[in-house]
Amino acid sequence: MIRTLDRLALTGMIASVAVMLQPWWADGFRVGFLGALAFTVLHIYTSHARSGREP
């Protein structure tokens, strides 16, 4: 479960950066930034949770 959330976080960060860089949607930078922030926090949590369980 933690590994799946970790991969979701990495995919979400990539998608958020892509949304920030697109030129067609005016609010894309704000939405992409908030998404990247949320997925970064999720990645930090899952990385620490994985390091405590797995060698």
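Preceding block: the structure.
Attention in this report is confined to the structure presented alongside it. Model, not experiment: these values are computed from the prediction. (Residues numbered from 1 in each chain as written. Predicted model: local features only at pLDDT ≥ 70, side-chain atom pairs only at ≥ 80, totals over all residues. Heavy atoms only, no water.)

What follows concerns a nonpolar patch on the surface. On the surface, a nonpolar cluster with roughly 520 Å² of combined accessible area is contributed by Phe 29, Phe 33, Leu 34, Leu 37 and Val 41. Turning to its location among the elements, Leu 37 is positioned in helix α2 (residues 28–53). (Patch = residues over 30% accessible without salt bridge, like charges linked within 9 Å, V, L, I, M, F, W, Y side chains within 5 Å. Areas by Shrake-Rupley, 256 points an atom, 1.4 Å probe, with all protein chains shown as cover. Salt bridge = Lys/Arg side-chain N within 4 Å of Asp/Glu carboxyl O. Helix = DSSP H or I, 4+ residues; strand = E, 2+ residues; numbered from the N terminus.)

This next bit is on the pattern of salt bridges. In total, this model carries one salt bridge according to the counting rule given. Asp 27 serves as the salt-bridge partner of Arg 30, at 3.5 Å between the closest nitrogen and oxygen. For Asp 27, a relative accessible area of 38% corresponds to the partly exposed category. (Buried < 20%, exposed > 50% of the residue type's maximum accessible area, 1.4 Å probe, protein only.)

Its location among the elements puts Ser 16 in helix α1 (residues 2–21). The contacts of Ser 16, once residues within four sequence positions are left out, are Gly 32, Gly 35, Ala 36 and Phe 39. (Contact = heavy atoms within 4.5 Å.)

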